[in-house]
Every structure is written in structure tokens, then in C-alpha cells.
Amino acid sequence: MKQYSICPDGEKFKLPEPDDYEKEYERLKHIVQDQRKLGREIVVVMGVGFVGAVMAAVVADTEDEDGNTTKFVIGMQRPSTRSYWKIHMLNRGLPPVQAEDPEVAPMIHRCVNEKKSLTATFTYDALKLADVVVVDVQCDYLKESLGNVRDGRTDMNALEKSLEIIAEHISPETLVLIETTVAPGTTEQVAYPIMRKVFRKRGIEKDPLLAHSFERVMPGKHYVASIRDFWRVCSGINEEAGNRVVKFLEEVINTKEYPMTVLNRPIESETAKIIENSFRATILAFLDEWSLFAERNGVDLIKVLEAIRVRPTHSNIIFPGPGIGGYCLPKDGGLGVWAYRHIHGFEDDIFKITPLAIDINDTRALHVAQLTRDALRNMSRPLAAAEILLLGASYREDVGDTRYSGSELVVRRLTEMGAELRVHDPYVQHWWEIEKQDEYPSSTHSLKRFFRSQDKLSDLRVEQDLKQALSGTDAVIFAVRHKHYLDLNPDSVVEMAGGPLAIIDCFGILDDDKIKRYFELGCEVKGLGRGHVKRIKDQVRAEREEMLLALGAKHGTDSVT
Ligand SMILES: NC(=O)c1ccc[n+]([C@@H]2O[C@H](COP(=O)([O-])OP(=O)(O)OC[C@H]3O[C@@H](n4cnc5c(N)ncnc54)[C@H](O)[C@@H]3O)[C@@H](O)[C@H]2O)c1
């Protein structure tokens, strides 16, 4: 039976068959022959997902001081049903990821169609042609329970498999740069032995030239700049690998303006990444308790944080929305905690804050369901069977990445409480975690398994028409700060909904004027960390009473005269 990979807008691509591999390798060999004549270095980027696709374009766009293109990049992607379509997108010069950054699409188009410095392929034989291999495949952390990161493990299968395949194909002179976020110790204690063993089997005496440099990419408005114009940290497994990785990164990354830090050993580069993300996860988690404090004591946490941020030492304090999703922050600390025992062999338990922070972040979104329930209750509407619209499925503003988004937990909890959910997101065509919940992210690790009555969610589709999505809703949850939601006017929201509804603000999206207007229109408003809404509600009520009194008095006077 023929298998297909379907891209987000529905186009189907037949997966390659055995005969296609040889033809594809011949195509690559011819291109590479020509590219070498142009003096270009051949770089294979393995895994063209959120990181690899844009990294591949950044490398392919590299020019020397005279403006000559110096690299030819082959984006290599395994031909799975989920990802094979990305190869076709790239080869048409189109980005396989959706982003707000206006640089992404023109850069990919330029490299594929004008500079002819980028192509994509499914065959591992591409590795035979590489001078440098950049590894951007995933390394997952699989959690076995909700809100307990310790009950889980690192899943390195894709990475280990990739390293084995790389070692089977590359020349001993090829630099292998691991950019994947890994459990600290992986480059030296997992990758090196795997590759060395394969090299020895191939009769290669030289040690693999391995290096690590992590990505700090932020998909969003500054997607490209967060790869190219940003500070890097790197380290090689030996002197030769160290020199090679520094040379490569100095050529492709803007290290003149963003100087690079070279560390002595890959475990230091790997640990830097894990600490960086654990730090961020921790400062976000720490605000969860203050968010509840604010809600219960009339405090607007948004304004409090703005006041604190003025102080330069505290300028990076950030409001946690409905959970801290994305691929990285929910898992990276787990990779570190896991590595301590399973790579380095320690039996004691030194980690307290890192796992706790992840656990708090992983369950924060559940509180949104409580706020929705309470807002509807204040309007004398039961949550069960209520029509609820969630605005935003992705984990952060202006991107289409839904991995581990807080919104998923909101949808799942409200569904098990009996509500009918709708979702709108201008950046997400298919919410695979929901739509394909029995297969994605894998058949065993959907968050579905932590909630009851989830089957009907497979039929939930992301709406693109906001007016239609809002029509007849009892509640709307502002879950993500997409630019499309920031200027929504309360009068038009209520009009599109067909009457007053419950409004839940998860991300400080509503200013006080809007909150007031919603109350004036007969809505109920609640928000994460927004304890002051009660004051606004009381004010609107008082103003209404005053107005009624004035009307009554006027009426009374009229009847006397
Ligand atoms: N997404 C981010 O914002 C971000 C930021 C910083 C670091 N990172 C790290 O970068 C790494 C990659 O993340 P991502 O978001 O791009 O993941 P992703 O899942 O979007 O991409 C990984 C890609 O690798 C492919 N792949 C897996 N095995 C392969 C193989 N054997 N051969 C070829 N391709 C293979 C997958 O099909 C997929 O397309 C992760 O370690 C992640 O933690 C991600």
C-alpha cells in the first residue's frame, strides 16, 4: 500500500520507494560536483524541523567578504509520514514552518531559487558528500504522569539512530556538530562511543570529529536573527573538533557582533543549555503562586510586574501565561535530572528546584478551567454543555508551534468537565495533538491519557474565521497573545458572540478599559493573576446603580410636575 505524507494545507506527497533512493543520490552527486567547483563547502543539516529548517537557510545564505556564497546545504529529513512533506516545501523554496518573521520565507526562497545553495533530501547517502553535518533532530523527554517530571525518561532513540547513520556514511574528516538539546554528557558519553564503534567497524582509526553548540532559536518575529545574530556557545570533543567548530560557526553566525563563548568540553556547552532553560522555567514557575495570590487579594499581577521590570536588575521578570509550553522549557530540566543518574551514575537526589518548576508549569493551565467554570457560574450558566471558544492553540504569540502548549491542557480539562470546545488560531491549521491524539506526539504519550472523556476531541478542528468561531459562545478564553487578539474590541466580541459571555484573560491581554467595557456589556471577566477585575466589576455596578437612581429621581420629579 502506498504511503503519503500530508502537509498542513492538505497536499499529499507519496513517500519514496526503494528505486527512488538511487536516483536521488545521483541528483545530489551531480549538484555537489558543481557546487565544489564553485568552492562551496558541503553542509548536511539533519532534521529540518523548527530549528533545522531555518538553520539550513542561515548556513546556505552565508557569504564571504566579497559577497560570494560559501556553503551548499542539503537539508536531510527522514521520509516519515509526518515530516516527508517538509522536503518538498523546501525544494520549492517555501518554509516548512510557519512564522511571523518576514525574513524566513525570502531567505529560503533566495537560497533555493537564486543562490542555488540549498536543497532538501530524504536519502542518508547525502551524508557521504558532507564536509560538515549539523544535527538538529529531536531528543525527547517522555513524562509518565502529569505534574511529575521525575516520573519520566530521556528518549534518545532518534538521536542515537541518527548518530549511528551519520557514522556509517560520513568521511572521517567530516565535522559533526550536535545542535540538539541533549542530556549533559551525551556528546562524550553517548555520541562518541556510538560513532567510534561504527568507525572501527568501517576500519577507520580516526576518532569522530564531534562538537556541541546549542541553539537559542526563538520561532517568532526574530526567528532568523535568533539563530544568526545571537551569541553562541560551543565546544569540541578534542582540539581538532574544537578548531573546526569555531571556524564553521564564525563563518555562518554573526560572531563579530555577537561574540562566541568556547568552552573546554561538550558537557559544559550541554549543561549551559540545560541551566539556561531551567532558569527560565524556574522564574516562570515561581510566579504561579504569586499569580494566585494576586487573584485572591485584588492585585493585578500584570501591573505589578511592569512596576518591577523598571528596575534594571529585574527587567526579565515575565508573566507566565496558561502554562509554559514549547518544545524546550517543559523538558530540558528533565534531561539534566535524568542525566545525573542515567549517564553519570549518581544515586543521590540533588535536584529540588528544577523538577518542581517544571511540575508547576506543567499543571498551571488547569487553573484556567477553574476560572472559566467560576465566570460561567457567576452568569448562572453551567459549564457542562457550555460552548467555549479558546483563542490560541500555540504555546506563544505569533507562532504556529503547538507543542506542549498550555492551551491543550485547558481544552482537555474543560472537555472532561463537560464543556463543548471550539478553537481559533490564525497560525495553526491542524492541531495535531488534538486532531490526531491517538498517534501524536506518539501512540503512548498523548496528554489525553491523563483526562477522561477525550475521544470526541479528535473531531475538533481549528477555526480560521473568528466571527464564525465566536458565534453563540458562552465563554471565550484569551489563551495566547497573538497580535490578532490584542486589539479585539469588546463591543464587537459581544456582537459576534450574540450576547454577553464569560471572558477569561490568561495573558494580560485586556487593559482595564476593555475589562470595564465587558462588564458594562453584561459579561463576566476573570483572568490569571488579575485580582483587580473584581474592583472594576464593583465600579461598573456602582455606576449602574447611580445611573438607575438618577433615572428614578428624574422619573420621580417628572411625575410630580
Ligand atoms: N523549537 C525551538 O524553539 C528550539 C529552541 C532551541 C533548541 N531546540 C532544540 O533543537 C532540537 C530540534 O528541535 P526542533 O524544534 O527543530 O524539533 P522538530 O521535531 O521540529 O525537528 C526535528 C526533525 O528531525 C527529524 N528527524 C528525526 N530523526 C531523523 C533522522 N534520523 N534523520 C533525519 N531527520 C530526522 C524529524 O523528522 C523532525 O523533522 C531539539 O533538541 C530542541 O530541544 C529547539
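Above: the structure in question.
Source: prediction; values computed, not measured. (Residues numbered from 1 in each chain as written. Predicted model: local features only at pLDDT ≥ 70, side-chain atom pairs only at ≥ 80, totals over all residues. Heavy atoms only, no water.)

1. Quick notes on the overall build of the chain
Now for step 1: From N to C terminus, the chain includes 20 helices and 18 strands.
Now for step 2: The C-alpha radius of gyration computed for the chain amounts to 26 Å, which stays within 12% of the reference 24 Å derived for 561 residues, consistent with globular compactness.
Now for step 3: Referenced to the eigenvectors of the C-alpha coordinate spread, the extents of the chain come out at roughly 105 × 50 × 50 Å.
Now for step 4: Counting every position in the chain, which comprises 561 residues, the buried fraction comes to 54%.
Now for step 5: A fraction of 75% describes how many contacts in the chain between residues 6 or more apart in sequence connect residues 24 or more apart.
Now for step 6: Of the accessible surface of the chain, which amounts to about 24,800 Å², a share of 52% is contributed by carbon and sulfur atoms.
Now for step 7: Taken as two groups, the 74 positive and 87 negative side-chain charges of the chain have centres that lie 2 Å from each other. (Helix = DSSP H or I, 4+ residues; strand = E, 2+ residues; numbered from the N terminus. Rg over C-alpha atoms; globule rule 2.2 N^0.38 Å. Buried < 20%, exposed > 50% of the residue type's maximum accessible area, 1.4 Å probe, protein only. Contact = heavy atoms within 4.5 Å. Areas by Shrake-Rupley, 256 points an atom, 1.4 Å probe, with all protein chains shown as cover. Lys, Arg positive; Asp, Glu negative; His and termini not counted. Charge placed at Lys NZ, Arg CZ, Asp CG, Glu CD.)

2. Comments concerning the sheet that holds strand E14 (residues 420–424)
Each strand in a sheet pairs with another by means of backbone hydrogen bonds, the pair being arranged parallel or else antiparallel.
Now for step 1: Ordered by their spatial adjacency, six strands build an open sheet running E15-E14-E13-E16-E17-E18, and the pairing between neighbours is parallel. Single-partner strands in this sheet number two, and they are strand E15 (462–463) and strand E18 (524–527).
Now for step 2: Against the sheet, helix H19 (residues 512–520) contacts strand E16 (475–478), strand E17 (502–505) and E18, and its axis sits at roughly 145° relative to E18. (Pairing = 2+ DSSP bridges. Axes fitted to C-alpha atoms, helices over the stretch in contact; angles between N-to-C directions.)

3. Let's talk about a nonpolar patch on the surface
Now for step 1: A contiguous nonpolar surface patch, about 310 Å² in accessible area, is contributed by Phe286, Trp290 and Phe293.
Now for step 2: The topology assignment puts Trp290 in helix H9 (residues 266–296).
Now for step 3: Accessibility expressed as a relative area gives 39% for Trp290, which makes it partly exposed. (Patch = residues over 30% accessible without salt bridge, like charges linked within 9 Å, V, L, I, M, F, W, Y side chains within 5 Å. Salt bridge = Lys/Arg side-chain N within 4 Å of Asp/Glu carboxyl O.)

4. Structural notes on unusual backbone geometry
Now for step 1: With omega at 0°, the peptide bond leading from Tyr440 into Pro441 counts as cis.
Now for step 2: Positive phi is not limited to glycine here, since Tyr404 has a value of about 55°.
Now for step 3: If you trace the backbone, Tyr404 turns up in the loop between strand E13 (387–391) and helix H14 (406–416).
Now for step 4: Phi angles above zero are rare outside glycine, and Ser453 is one such case at about 50°.
Now for step 5: In this structure, Ser453 sits in the loop between helix H15 (432–435) and E15.

5. Let's talk about the site of the ligand
Now for step 1: The full set close to the ligand counts 26 residues, and Val51, Gln77, Thr181, Lys331 and Arg403 are the nearest of them.
Now for step 2: At 2.9 Å from an oxygen atom of the ligand is found a side-chain nitrogen or oxygen belonging to Lys86.
Now for step 3: Here an oxygen atom of the ligand and a side-chain polar atom of Arg403 are 2.7 Å apart.
Now for step 4: The protein chains hide 95% of the 820 Å² of surface that the ligand would expose on its own. (Near = heavy atom within 4 Å. Polar contact = N/O pair within 3.5 Å; in protein donor to acceptor, adjacent residues only side chain to side chain.)

6. Thoughts on the pairing of strand E3 (residues 41–46)
Now for step 1: Where burial is concerned, most of E3 is hidden: six out of the six residues are buried.
Now for step 2: Because side chains alternate across E3, one face comprises the buried residues Glu41, Val43 and Val45, and the other comprises Ile42, Val44 and Met46, equally buried.
Now for step 3: Pairing of E3 with strand E4 (residues 71–76) involves six bridges; the strand directions are parallel. Residue pairing for E4: Ile42 is matched across the bridge by Phe72.
Now for step 4: Crossover E3 to E4 through helix H2 (residues 52–60) is right-handed.
Now for step 5: Summarising the sheet, E3 and strand E6 (residues 132–135) pair through four bridges and their orientation is parallel. Within E6, the residue paired with Val45 across the bridge is Val134. (Right-handed = clockwise from strand over helix to strand, strands pointing away.)

7. Regarding the nonpolar core
Now for step 1: If you look at the biggest cluster of nonpolar residues, it comprises 68 residues, and the most contacted ones within it are Ile388, Ile477, Phe478 and Ile503.
Now for step 2: Once residues within four sequence positions are removed from consideration, Ile503 is found in contact with Val476, Phe478, Val493, Leu510, Tyr518, Cys523, Glu524, Val525 and Lys526.
Now for step 3: Counting residues in each nonpolar core, the second largest holds 48 residues, with Ala53, Phe248, Val252 and Met260 among its members. (Core = buried A, V, L, I, M, F, W, Y, C linked by side-chain atoms within 4.5 Å.)

8. Quick word on empty space enclosed by the protein
Now for step 1: Summed over the entire model, instances satisfying the criterion amount to two cavities of 30 Å³ or more.
Now for step 2: The volume enclosed by the largest cavity comes to roughly 40 Å³.
Now for step 3: Contributing to the lining of the largest cavity are Pro322, Gly323, Ser394, Tyr395, Ser405, Gly406, Ala479, Val480 and Phe507.
Now for step 4: Tallied by class, residues from the lining of the largest cavity come to five nonpolar, four polar and no charged.
Now for step 5: Counted as a void, the second largest cavity has a volume near 30 Å³.
Now for step 6: Around the second largest cavity sit Phe214, Glu215, Arg216, Ser226, Ile227, Phe230, Trp231 and Arg232, which together line it. (1 Å grid on protein atoms, 1.4 Å probe; cavity = no way out; pocket = protein on both sides within 12 Å on 5 of 7 lines; lining within 4 Å. Points joined across faces, edges and corners; volume = space filled by probe spheres on them. Nonpolar A, V, L, I, M, F, W, Y, C, P; charged D, E, K, R; others polar.)

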